[in-house]
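Residue strings, one per chain:
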Amino acid sequence: MKIYLIRHGQTEANLRHLYCGSTDLPLSEAGREALSGIRYPKPDVADYITSGMGRCNETMELLFHPESMEVCPDLREIDFGVFEMRGYGELKDDPDYQAWISGDNMANTPPGGESGLAMTRRVMTAFREILRRGKDAVIVTHGGVIAAIMAESFTGENRNRYQWQPAPGCGYLLTFTHRELTYESLMPIV
């Protein structure tokens, strides 16, 4: 079984370095252009799954042109609460922001948002359900979601979730054989 994990293409929030999780943004023009020049091998038979956010649906359509897409809302990015669509420059002097980014940033919850631990539990429950199907899948989702899946699945590599986060439009190919899980970086065909 093969699972493609691909991060959506670039958005304006990515370009402006804003916290963007629950806001449903489209791809930026530059993001669309970057994706239009690449292709990934298309599996013969697979489930095509997105988080349902516009940026993921657009990316799936541009890269794979599937006949249909399944939406799995539990594969959405973390909810940044009151920090959503704001950047470091605007937030750096906010005591709530400093409390959130200090200490255990996986356990800390932004006001009105979701902790990294809560997001990881949600995502891993959804991911395990996809794995139980036992068939190939192409999942277009968010950088934080992919990082959470990779960090949880490959704990022996001692990489933090930020080290697992792929660039927009990139990702990983996971292969499951005889209860062994391996991965490789997914390189687009240009």
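Heads up: these notes are all about the structure in this document. In this text, all values refer to a predicted model and were calculated from it rather than measured experimentally. (Residues numbered from 1 in each chain as written. Predicted model: local features only at pLDDT ≥ 70, side-chain atom pairs only at ≥ 80, totals over all residues. Heavy atoms only, no water.)

## Looking at the pairing of strand β5 (residues 171–177)
Working step 1: Burial runs high along β5: five of the seven residues are buried.
Working step 2: The pairing of strand β1 (residues 2–7) with β5 spans five bridges and is classified as antiparallel. Each bridged residue has a counterpart across the sheet, and for Tyr4 the counterpart in β5 is Leu173. (Buried < 20%, exposed > 50% of the residue type's maximum accessible area, 1.4 Å probe, protein only. Helix = DSSP H or I, 4+ residues; strand = E, 2+ residues; numbered from the N terminus. Pairing = 2+ DSSP bridges.)

## Some words on the sheet that holds β1
Working step 1: Taken in spatial order, the six strands make up an open sheet running β3-β2-β4-β1-β5-β6, and their pairing is mixed. Unpaired on one side and paired on the other, β3 (70–71) and β6 (180–186) mark the two borders of the sheet.
Working step 2: Here strand β2 (residues 47–50) pairs with strand β4 (residues 137–141) via four bridges, running parallel. When the bridges of β4 are listed, Tyr48 appears paired with Val138.
Working step 3: On the sheet, helix α7 (residues 143–153) packs against β1, β4, β5 and β6 and is oriented at approximately 140° with respect to β1. (Contact = heavy atoms within 4.5 Å. Axes fitted to C-alpha atoms, helices over the stretch in contact; angles between N-to-C directions.)

## A few points about the state of the cysteines
Working step 1: This model, assessed by the stated rule, comprises zero disulfides.
Working step 2: Unpaired in terms of disulfides, Cys56 finds its nearest cysteine sulfur in Cys20, a separation of 10 Å. (Disulfide = S-S within 2.5 Å.)

## A short note on the pattern of salt bridges
Working step 1: Tallied over the full model, the rule gives nine salt bridges.
Working step 2: The salt bridge partner of Asp47 is Arg133, with a shortest N-O separation of 2.9 Å. A residue pair is termed long-range when its members are at least 10 positions apart, and Asp47 in strand β2 and Arg133 in the loop between α6 (116–132) and β4 qualify at 86 residues.
Working step 3: Of the residues examined, Arg133 reaches a relative accessible area of 36% and is grouped as partly exposed.
Working step 4: Between Arg132 and Glu129 there is a salt bridge whose closest N-O contact spans 2.7 Å. Of this pair, Arg132 and Glu129 are both found in helix α6, three residues apart, which corresponds to roughly one turn of the helix.
Working step 5: Residue Arg132 is classed as exposed on the basis of its relative accessible area, which comes to 58%.
Working step 6: Classification of Glu129 as partly exposed rests on a relative accessible area of 45%.
Working step 7: Here the salt bridges share partners, and the residues they tie into one network are Asp47, Glu70, Arg133 and Lys135. (Salt bridge = Lys/Arg side-chain N within 4 Å of Asp/Glu carboxyl O.)

## Things to note about the environment of Glu70
Working step 1: If you trace the backbone, Glu70 turns up in strand β3.
Working step 2: Residue class for Glu70 comes out partly exposed when judged on its relative accessible area of 30%.
Working step 3: Here the alpha-carbon distance between Glu70 and Ser51, two residues 19 residues apart in the chain, equals 8.5 Å.
Working step 4: With sequence-adjacent residues up to four places away left out, Glu70 is seen in contact with Tyr48, Ile49, Thr50 and Arg133.
Working step 5: For Glu70, the side chain forms a polar contact with the side chain of Arg133, separated by 2.5 Å. (Polar contact = N/O pair within 3.5 Å; in protein donor to acceptor, adjacent residues only side chain to side chain.)

## Thoughts on the packing of α6 against α7
Working step 1: Viewed as axis vectors pointing N to C, α6 and α7 meet at an angle of 75°, and their least axial separation amounts to 10 Å. Put simply, α6 runs roughly perpendicular to α7. When α6 is examined against α7, the residues Met119, Thr120, Val123, Met124 and Phe127 are found in contact with a partner set consisting of Gly144, Val145, Ala148, Ile149, Glu152 and Ser153.
Working step 2: Here the residues of the contact of α6 with α7 are counted per class, giving seven nonpolar, three polar and one charged. (Parallel < 35°, antiparallel > 145°, perpendicular 65-115°, else oblique. Nonpolar A, V, L, I, M, F, W, Y, C, P; charged D, E, K, R; others polar.)

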